[in-house]
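Listed below, chain by chain, are the residues.
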Amino acid sequence: MLFKLLTNLTHLQKAIVLLCVDLAAIIFALCVAFSNTAESTQWMTVAWYLPAVLAVGAVALHGFGLNRVKLNTFGIDEVAKVFIVAVALSVTGYVVAEAIGPSHLSLSTMLEFGALFAFLSVGSRFVMLRIVERIYTTQMPRKQVLIYGAGQTGQQMAAALQTDHEFKPFGFIDDNPNLQKLTILGLKVHSPKRIAAIVRRNRIDRVVLAMPSANQSVRLQIGKRLSALGCEVLALPSFADIVLRGEEATAAAPIQLDTLLGRDAVESELPQTESTYRDHRILVTGAGGSIGGELCRQIARCRPQELVLVDHSEFALYKIANELKQENPGLRMTAVLGSIEHPELMRETLMKHQIEVVFHAAAYKHVNLVETNAFEGVRNNVIGTRVLAEEARLARVDRFILVSTDKAVRPSSMMGCTKRMAELVIQDLAKRSENTKFSMVRFGNVLGSSGSVIPLFQKQIRDLGPVTVTHPEVTRYFMTIDEAVRLVLLAGSFSRGGDVFVLDMGEPVSIHDMARKMIEAAGHSVRDETNPAGDIAITFTGLQEGEKMHEELLIGSDMLTTPHPKIMRAQEKMLSELQIASALQELRRAIEARDLNLLTATLRRYVENEDTEVAALTPPKTPALSAVGES
């Protein structure tokens, strides 16, 4: 009841309550001052003083804004203002006493009145603050924060948290013996030796490293040591860094992804696509993935008539659907749980929602995992694509855009073969479709996507290495996730049917150089032959089965222009309708029979693969995660 009353009070009502409390303090202090006079005083004379001191008090309190100051921000400046008001009240009382004739009160009595008022005004606020905190705590428990570092940054953070409704500072941890056992801002400073016991005994939710002047490696070592305590550990930059450079608290060394591209990002150079998809009914497969999720976010901003999300991962679908609901409350959206391999589900979804545009981002993309799970890779990436695309054609969808990868160019891996086969399926349908415009978008690795090299390197750097790279000369094309999604959206607007769109991605990036940049950006040095005392080593694990030394974006050399200079249209060979039908029939038979020889031979026969061979006939043992196993 009290909690509801407090949360429903307006700012004006709170200001009136505080003003009334101060006016009550004036009346009480004046009565006490009268009662303490040496001579018997007629209490009716109080009527001469009250109107004057109450008027002066009300004007002074309102003028200084003391009744509008929040209880949890009431500090030394406000206390000083209260004492100024107290002096004004004392002077007013003394002037009134002199003006009405024989003085009933001495100057010392008036000063006593002012001092008592100041005590009551300040004290009442601290009492009210404790009561309000207790009421809030019973209804909204605050999370306990332990601050590692009792220096200036730690003290500033503790002061800020003391006024927060979600977090509460428990105390400090500091390595300096001179600070241990001291009390700073009402919080005790403890030794690092006691941190484990403190966290367990007091149920600490978060430990914040407030020591920005410490070496980065020292902070990472402390963070690694504390990570076993079962609570979140964050590193906080100085408040000056937050204000001047916009740095944020982070659980890992921050890295600007754009600096790893080896070129300037082109997001700002790509035209807007909002008008293309506004008021359209759009379906996105693989909506819970990195590319699919970002597609959904950007499409939602285009204000479509309806957005349908498809994914076979319940958790991933729930997560993106919930995010879109919160950020786009007016969005008409439907989440469909299921696989693109089921024609009846795809047919029902496309027809029921009268889909006009399909973005097909659902795929198994991790090179090593698809290599060792070839049947499921083909079933999802090839057969599933055929099912969805055929149903889209029958439903007379306007546009169908396949999200592909540079690994489909002269593929050496099972994943690359499945994606190239999916491209050939789409190209075949594009030739025969009268209503649906089919197109494909092919790009390289996406920085920071799930399963990509960036999160892997970040984890290895947090653990102080080693950072694993497959080969010192391996290279990949990279793009930001925003570039990738904007390219997909633009491809939909440029499509004329059967197109393969490619982004001008500049020069390929050395994975070895990328690893060095990330280590150095985290404040470490690379340990190698030239620097044996470095912090983190880079080790080379060798290329995994199916991985290339260098990736390509084009199969042929024929290129056509598009309305945008950064986007090109490739002209590539296609299979006939009969060849596609034969290939799909053989792949289905191989999957049903679990015949890996037939599966591999079929892909080798139909996929352009002049320079390299498809993955080995027998799958290798499950490999360790590598630095190039992403799409």
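All residue numbers refer to position in the chain's written sequence, counted from 1. In keeping with the predicted nature of the model, local features appear solely for residues at pLDDT of at least 70, side-chain atom pairs appear and are counted solely at 80 or more, and the whole-chain, interface and lining totals rest on all residues. As a rule here, side-chain values cover all heavy atoms of the structure and leave hydrogens and water aside.

Moving on to the overall build of the chain. Numbering of helices and strands starts at the N terminus; helices are DSSP runs of H or I of at least 4 residues and strands are runs of E of at least 2. Summing up its helical and strand segments, the chain has 21 helices and 22 strands in all. Partly exposed describes any residue whose relative accessible area lies between the buried limit of under 20% and the exposed limit of over 50%, with all areas from a 1.4 Å probe on protein chains only and scaled to the type maximum. Burial analysis of the chain (631 residues in total) assigns 52% to the buried set. About 29800 Å² of surface is accessible on the chain, with carbon and sulfur atoms providing 55% of the total. Accessibility throughout is a Shrake-Rupley quantity obtained with a 1.4 Å probe, and a residue counts as covered only by protein chains that appear here.

This part is about helix α13 (residues 343-352). The set of residues buried in α13 consists of L345, M346, T349 and L350. For α13, the arc enclosing every buried residue in end-on projection is 120°, short of the 170-degree limit, so these residues lie on one face. For α13, the exposed residues lying more than 90 degrees away from the buried face are M351 and K352. Only heavy atoms enter the contact rule, under which two residues are in contact if any of them lie within 4.5 Å. For α13, the secondary structure elements touched by its buried residues are β7 (281-285), β8 (306-311), β9 (333-337), β10 (357-360) and α15 (374-394). Two residues or fewer past α13, Q354 is found with a positive phi of approximately 50°. In this description, one arc is meant: the one made by directions from the helix axis to the C-beta atoms.

Our next topic: the environment of A491. Mapping A491 onto the fold places it in helix α18 (residues 481-494). As for A491 and T562, which are separated by 71 residues in sequence, their C-alpha atoms are 9.5 Å apart.

On any regular strand, side chains alternate: one points to one face of the sheet, the next to the other face. Burial along β10 is two-sided: V357 and F359 facing one way and V358 and H360 facing the other are all buried. When DSSP locates at least two bridges between a pair of strands, those strands are taken to pair. Pairing analysis gives four bridges linking β7 to β10, with the strands arranged parallel. Counterpart to I282 in the pairing with β10 is V357. Sheet topology places β10 next to strand β11 (residues 399-405); four bridges connect them, and they run parallel. Residue pairing for β11: V357 is matched across the bridge by R399.

Further remarks concern the packing of helix α17 (residues 453-462) against helix α19 (residues 511-521). Convention adopted: a line fitted to C-alpha atoms gives each axis, helices being fitted over their contacting stretch, and angles between N-to-C directions are expressed from 0 to 180 degrees. The interhelical angle for the contact between α17 and α19, taken along N-to-C directions, is 45°, at an axis separation of 10 Å. Considering the angle they form, α17 stands oblique to α19. Relative to α19, α17 is oriented so that their crossing is right-handed. From α17, V453, I454, F457, Q458 and I461 reach across to α19, where they touch I511, M514, A515, M518 and I519. Basically, the charged four are Asp, Glu, Lys and Arg, the nonpolar ten are Ala, Val, Leu, Ile, Met, Phe, Trp, Tyr, Cys and Pro, and anything else, Gly included, counts as polar. Of the residues contributing to the contact of α17 with α19, the split by class is nine nonpolar, one polar and no charged. Geometric relationships in this document are graded by angle, where less than 35 degrees denotes roughly parallel, more than 145 denotes roughly antiparallel, 65 to 115 denotes roughly perpendicular, and other angles denote oblique. Crossing handedness: left-handed means the near helix sits turned counterclockwise from the far one by under a right angle, and right-handed means the same turn made clockwise.

A pairing counts as a salt bridge when a side-chain nitrogen of Lys or Arg comes within 4 Å of a carboxyl oxygen of Asp or Glu. Enumeration over the complete set of coordinates arrives at 18 salt bridges. Where R594 meets E376, a salt bridge forms, and the shortest distance between an N and an O atom there is 3.9 Å. Of this pair, R594 sits in the loop between α20 (577-593) and α21 (596-606) while E376 sits in helix α15, and the two are 218 residues apart along the sequence. Among the residues examined, R594 registers a relative accessible area of 49% and is labelled partly exposed. On the basis of relative accessibility, which here comes to 31%, the residue E376 falls in the partly exposed class. The partner of R432 in a salt bridge is E577, and the shortest N-O contact between them spans 3.7 Å. Remark: E577 occurs in helix α20 and R432 occurs in helix α16 (residues 414-432); sequence separation between them is 145 residues. We classify R432 as partly exposed; its relative accessible area is 26%. Residue E577 is classed as partly exposed on the basis of its relative accessible area of 45%.

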